[in-house]
Amino acid sequence: MATVERAAGPDTLVKVEGLHKSFGKLHVLKGVDFEVRRGEVIVVIGPSGSGKSTLLRCLNFLEEPQKGVVTVGGVSVRCGSRGRAHKQAVHAVRLKCGMVFQDFNLFPHKSVTENVIEAPVLVRRLGKDAARGKALELLEKVGLSDRADYFPSQISGGQKQRVAIARALAMEPELMLFDEPTSALDPELIGEVLNVMKDLAQEGMTMIVVSHEMGFARDVADRVIFMDEGCFIEQGPPSEVFFRPKEERTQRFLRHILPEKEPEHAAELGIVAADGAPCEADAEAAEDGGRVERLPGSPTAPGPAGELPLEEPRGDD
């Protein structure tokens, strides 16, 4: 059964209830529940294989969950249903979601502008002139107005990802989903994509972002969700999840990933590197005779917690 109804609360854009997804015997999502307010920026972090990408793909039904209810913008879909009404509801949810993938997935034989107008023309039945005008506005928004007639082979990876963002925005979504949008980029190109995402957040776009860019999460997210083994382990404002994590599993993850991904943030928290070497903050504290605050349970923290083993990375989601 697929129905159209208003999500709980006037400011709620997304509501997920009891979401389950399995691939054969592999149970990837295990009864996920959460809500997202309009204008809220959610960053989902966690080890590879924890179900983060699958969660995003289930929200816009690129993957069909076996069980649960997904509501986006007042359209509710009871997962596992069949029939015409179900397909119509799924289509309505997809129209409310824009998605940016790890890979750019641009049509190589079409220009930048043609890539952006493809979906509005084919799916929304927008006239080509109107679609082109909108595309040029969006390309200017992402800083690519001078690349409108270029082909994907003629632009950099960061520019391709910005085109992908413009393409998603061309459908005028209420919700933007980002699946590790900087993971395929060279380090010097990451900033230009994150800046576009920061601008979208400041403009009030509702966003769910799967990312290992901890600095972005700390600076932009309203809420950080730590996910592992198909479940939400911990969530809250970045100031709590990063600086005062309550769960031991969150602490272990941060100690593993921060020294590599955000060494300055790791030093700020006094987290030792994965190889056991002290962070810069530890060295400074030793020289100054000062005291550095550390995550509860960190290997160098005083008290009974003691050293916790760092986990090895797992396979992709």
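A brief structural summary. None of these values were measured; they are calculated from a predicted model.

With that out of the way, let us pick up the nonpolar core. Among the nonpolar cores identified, the biggest contains 54 residues, and Ile 45, Ile 165, Met 176, Phe 178, Met 197 and Met 207 are the most heavily contacted of them. Each residue touching Met 207, except ones within four places of it in the same chain, is listed here: Glu 40, Val 41, Ile 42, Leu 175, Met 176, Phe 178, Met 197, Leu 200 and Ala 201. Counting residues in hydrophobic clusters, the runner-up holds 32 residues, among them Leu 19, Val 70, Val 93 and Val 210.

Take the sheet that holds strand β9 (residues 206-210) next. Read across the open sheet, the six strands follow the order β7-β8-β9-β4-β10-β11; overall the sheet is mixed. The strands lining the two open edges of the sheet, one partner per strand, are β7 (97-100) and β11 (231-236). If you compare each strand with its neighbour and ignore which way they point, the axes differ by 20° on average. As defined by bridge partners, strand β4 (residues 41-45) adjoins β9 across four bridges and the pair is classed as parallel. By the bridge assignment for β9, Val 41 is matched with Met 207. Helix α2 (residues 84-96) contacts β7 and β8 (175-179) of the sheet and is inclined by roughly 60° relative to β7. Strands β7 and β8 of the sheet are contacted by helix α5 (residues 157-169), whose axis makes an angle of about 170° with β7.

Among the structural elements, Gln 159 can be located in helix α5. For Gln 159, a relative accessible area of 14% translates into the label buried. A polar contact is formed between the side chain of Gln 159 and the backbone nitrogen of Ser 156, at a distance of 2.9 Å. Once residues lying within four places of it in the same chain are set aside, the contact partners of Gln 159 are Leu 144, Arg 147 and Glu 192.

The next point concerns the pattern of salt bridges. Using the criterion set out here, one finds 15 salt bridges in the structure. Close ionic contact of Glu 240 with Lys 246 constitutes a salt bridge, the shortest N to O distance being 3.9 Å. Since its relative accessible area comes to 31%, Glu 240 is described here as partly exposed. It is possible to trace a salt-bridge network through shared partners that takes in Lys 21, Arg 57 and Glu 63.

Let us look at the pairing of strand β3 (residues 26-37). Relative to β3, strand β2 (residues 12-23) is paired through nine bridges, and the arrangement is antiparallel. By the bridge assignment for β3, Ser 22 is matched with His 27. With antiparallel pairing between neighbouring strands as the criterion, β2 and β3 make up a hairpin whose turn holds two residues, including Gly 24 at a positive phi of roughly 65°.

Rules of the game
Residues numbered from 1 in each chain as written. Predicted model: local features only at pLDDT ≥ 70, side-chain atom pairs only at ≥ 80, totals over all residues. Heavy atoms only, no water. Core = buried A, V, L, I, M, F, W, Y, C linked by side-chain atoms within 4.5 Å. Buried < 20%, exposed > 50% of the residue type's maximum accessible area, 1.4 Å probe, protein only. Contact = heavy atoms within 4.5 Å. Pairing = 2+ DSSP bridges. Helix = DSSP H or I, 4+ residues; strand = E, 2+ residues; numbered from the N terminus. Axes fitted to C-alpha atoms, helices over the stretch in contact; angles between N-to-C directions. Polar contact = N/O pair within 3.5 Å; in protein donor to acceptor, adjacent residues only side chain to side chain. Salt bridge = Lys/Arg side-chain N within 4 Å of Asp/Glu carboxyl O.

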